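Here is what each chain is made of, one letter per residue.
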Amino acid sequence: MTAATTPAPDGDIGVTGLATMGANLARNLARHDCRVVVHNRTRARTDALVAAYGDEGAFVPTGSVAEFVAALARPRKVVVMVQAGAPTDAVVEEVALLLEAGDVLVDGGNARYTDTIRRTRALAERGVHFVGCGISGGEEGALLGPSIMPGGSDEAYAIVGPLLESIAAVVDGTPCCAHVGTDGAGHFVKMVHNGIEYADMQLIAEAYDLLRARLGLSPAEIGEVFAGWNAGDLESYLVEITAEVLRHVDAATGRPFVDVVLDEAEQKGTGRWTVHSALDLGVPVSGIAEAVFARALSGHTAQREAARAVLPGPAEDPAPVADRDAFVEAVRRALYASKVVAYAQGFDQIAAGAREHGWDIDLGALATIWRGGCIIRARFLDRIRQAYADEPDLTTLLTHGYFRDAVADCLEGWRTVVVEAARAGIPAPGFATALAYYDGLRAERLPAALVQGLRDLFGAHTYRRVDREGVFHTVWSEDRREVQAG
Ligand SMILES: NC(=O)C1=CN([C@@H]2O[C@H](COP(=O)(O)OP(=O)(O)OC[C@H]3O[C@@H](n4cnc5c(N)ncnc54)[C@H](OP(=O)(O)O)[C@@H]3O)[C@@H](O)[C@H]2O)C=CC1
Ligand SMILES: O=C(CO)[C@H](O)[C@H](O)COP(=O)(O)O
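Residues numbered from 1 in each chain as written. Chains lettered and ligands numbered in written order. Predicted model: local features only at pLDDT ≥ 70, side-chain atom pairs only at ≥ 80, totals over all residues. Heavy atoms only, no water.

Not every one of the 13 residues close to ligand 2 is listed here, only the nearest: N110, K190, Y198, K268 and R295. For ligand 2, an oxygen atom lies 2.9 Å from a polar atom in the side chain of S136. At 3.0 Å from an oxygen atom of ligand 2 is found a side-chain nitrogen or oxygen belonging to N194. Summarising the interface, the protein chains cover 78% of the accessible area of ligand 2, which totals 380 Å² for the free molecule. A per-element tally of the shell around ligand 2 places helix α8 (residues 185-215) first, with five residues. (Near = heavy atom within 4 Å. Polar contact = N/O pair within 3.5 Å; in protein donor to acceptor, adjacent residues only side chain to side chain. Areas by Shrake-Rupley, 256 points an atom, 1.4 Å probe, with all protein chains shown as cover. Helix = DSSP H or I, 4+ residues; strand = E, 2+ residues; numbered from the N terminus.)

Turning next to unusual backbone geometry. Along the chain, R74 connects to P75 via a cis peptide bond; the corresponding omega equals -5°. Here P75 shows up in the loop between α3 (65-70) and β4 (77-80). The backbone of D183 shows a phi angle near 25°, a positive value even though the residue is not glycine. Locating D183 in the fold gives a position in the loop between β9 (174-175) and α8. Look at A460: it is not a glycine, yet its phi comes out positive at around 50°. For A460, the location among the structural elements is in the loop between α20 (448-459) and β10 (472-474). With a relative accessible area of 44%, A460 lands in the partly exposed category. (Buried < 20%, exposed > 50% of the residue type's maximum accessible area, 1.4 Å probe, protein only.)

Ranked by size, the top nonpolar core spans 95 residues in total, and within it F226, W229, F347, W370 and W414 carry the most contacts. Contacts of F226, omitting those with residues within four sequence positions, involve I204, A207, Y208, V239, T242, A243, L246 and L335. Counting 30 residues, the second-largest nonpolar core is a separate cluster that includes L29, V79, I135 and A156. (Core = buried A, V, L, I, M, F, W, Y, C linked by side-chain atoms within 4.5 Å. Contact = heavy atoms within 4.5 Å.)

This paragraph deals with the domain arrangement of the protein. Domain annotation for the protein reports domain 1 (13-179), domain 2 (191-442) and domain 3 (447-484). Counting residues at the interface gives 24 residues for domain 1, matched by 18 residues for domain 2. Of the roughly 1400 Å² buried where domain 1 meets domain 2, counting both sides, 63% is carbon and sulfur surface. Of the charged contacts in the structure, one is a salt bridge between D172 and R371, with a shortest N-O distance of 3.4 Å. Counting the contacts that link domain 1 with domain 2 gives seven residue pairs in polar contact (both at pLDDT 80 or more). Secondary structure elements with two or more residues in the side of domain 1 that touches domain 2: α5 (113-124), α6 (138-144), β7 (147-151) and β9. Of the residues contributing to the side of domain 1 that touches domain 2, the split by class is 13 nonpolar, eight polar and three charged. (Domains from an automatic or database assignment. Buried area = accessible area lost by both parts, 1.4 Å probe. Salt bridge = Lys/Arg side-chain N within 4 Å of Asp/Glu carboxyl O. Nonpolar A, V, L, I, M, F, W, Y, C, P; charged D, E, K, R; others polar.)

With that settled, the discussion passes to the pairing of strand β5 (residues 104-107). Burial of β5 is two-sided: the residues V104 and V106 facing one way and the residues L105 and D107 facing the other way are all buried. Examined bridge by bridge, β4 and β5 share four bridges and lie parallel to one another. Note that in β5 the partner of V79 across the bridge is V106. The parallel pair β4 and β5, bridged by helix α4 (residues 86-96), forms a crossover whose chirality is right-handed. Relative to strand β6 (residues 129-136), β5 runs parallel, the two being bridged by four bridges. Considered in β6, the bridge of V104 is made with H129. (Pairing = 2+ DSSP bridges. Right-handed = clockwise from strand over helix to strand, strands pointing away.)

With numbering matched to this structure, UniProt assigns "domain: 6-phosphogluconate dehydrogenase C-terminal" (unreviewed entry) to residues 186-477. Annotated as 66% helix and 1% strand, the span residues 186-477 places its first and last C-alpha atoms 52 Å apart. (UniProt positions renumbered as here; feature names shortened; annotations may be inferred.)

Moving on, we come to the site of ligand 1. Around ligand 1, a shell composed of 20 residues is seen, among which M21, N40, T42, R45 and V82 lie nearest. At 3.2 Å from an oxygen atom of ligand 1 is found a main-chain nitrogen or oxygen belonging to T20. Here V82 contributes a backbone N or O atom positioned 2.8 Å from an oxygen atom of ligand 1. In the complex, the protein chains occlude 76% of the 890 Å² of accessible area that ligand 1 would expose alone. Of all the secondary structure elements, the ones that give two or more residues to the shell around ligand 1 are α1 (20-31) and α4. Partitioning the shell around ligand 1 into residue classes produces nine nonpolar, eight polar and three charged.

Looking now at the side chain of T433. Here T433 shows up in helix α19 (residues 429-442). Overall, T433 belongs to the buried group, its relative accessible area being 14%. If sequence neighbours within four positions are ignored, T433 has contacts with S286, G287 and E290.

This part takes up the UniProt feature "binding site: substrate" (unreviewed entry) in the protein. As annotated by UniProt and renumbered to match this structure, "binding site: substrate" (unreviewed entry) occupies N110, S136, G137, G138, H193, N194, Y198, K268, R295, R455 and H461. An extended arrangement is adopted by the annotated residues: their sequence extent is 352 residues, and the largest C-alpha distance between any two is 48.5 Å. Among the structural elements, N194 can be located in helix α8. Looking at N194, the relative accessible area reads 5%, which means it is buried. The contacts of N194, once residues within four sequence positions are left out, are N110 and T270. When you line up the elements, Y198 lands in helix α8. Relative accessible area serves as the criterion here: at 4%, Y198 is assigned to the buried category. Leave out the neighbours within four places in its chain, and Y198 touches Q267, K268, G269, T270, G271, A291, V292 and R295.

Structure representation (structure tokens):
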């Protein structure tokens, strides 16, 4: 590099990976008076960003990783916004080679948290801080203020935290950015955030499907219903954009947009990872799991086609819904209650993950930073924040007074909707599993006792008794005497 092309090392922060998220984060930083050094593997993206938005702030375009790193003031702060997995490894390794002790590398992509723990350890050996940082908000959020979930050391947060807080969404004067915990904590909570996002969208889709199938409403009419719901307790970004998508008409055909989209939901991985992790932690995130499986089922087109041809539905066509408004209200209640269950399960998983990994995650602070900027932002996140403020050791959100009463108000409608869906042969796995979870939690006795008995019979797996301490086994193959097993 010649002296003439050597950039001055005066960039406040660098962003590499200038696709949807990276470009808008870079613009957001520039709009907040940062001198932003920008880089992308394919140079054209860098040039396009600066050509289109260069007047929004101070951008320093660079063509090589060496030039990119050299343009940063020390301690250097670098944000990586590329695809998770191998691309992130490739970029982190290339950039980290040029960093020095005390510099901070922020991975803002949707990395798997176990990868983040590995990368944190590898970089720590060289004195480079690694911050695994969940960022949510999509294209618009990245530009106007996302919700930011950084994980890493206190030292690293002291260096990059103020910058991240400055570009985050703000709700009630509080930035939607908080230091979540060490190493993988930020990406762990972002993963669960996305799992909740999957559950939320599945529930919304079921509500739409029921209103359409049972009431014969058009997508645009259902869009109006969602818009109305968005003015009440269900107010949230996802409910708001559901109204928008349902009202949209395909320009090419004049048909409702939702009718021209292939009904095969795709996924990049974070929902699936949430379920993997929940299985390992033993946390029943049934709402998230059903959402992941519903997407998987939608993609099994050959099976669906074969089944559609031969599997019978209900013996009789269901009677028309007698009271349209009452049914709409029942679906609203089913949606609200099932959402509360999905969020409760997600927060349970975060608490369990924190215990497992030694992260000091403040669940109330998390609810606080999810109130704005992120895809699951919703009015009731403020209720969740309040619930953890009232009872920091809350064992489940469902028992907090506000949610207990709110869900109780929804119960009859919720049950009606699940029954109605089953009778009409309309799949509503999200509503059904949420209700089953609720009833499972409140049951005096669960049939798990029978499961234990069966396990003991076929495998001598033992059981515990309700009336005395100890572990027991019944000698089923002999005289069925009970022996103490441990
Ligand atoms: N899109 C969204 O709504 C959200 C995305 N995220 C996460 O943010 C990250 C960025 O997402 P998004 O902006 O959508 O972009 P993509 O996930 O589509 O990633 C594209 C970017 O990755 C770069 N890239 C891919 N492979 C490599 C490689 N081997 N070496 C160097 N660069 C590489 C591309 O460079 P090139 O131009 O050269 O191909 C491009 O800049 C992802 O981890 C994503 O999961 C997080 C929240 C929301
Ligand atoms: O991180 C996000 C929002 O917070 C992404 O939009 C999300 O990953 C999309 O996931 P998928 O493609 O699996 O539906």
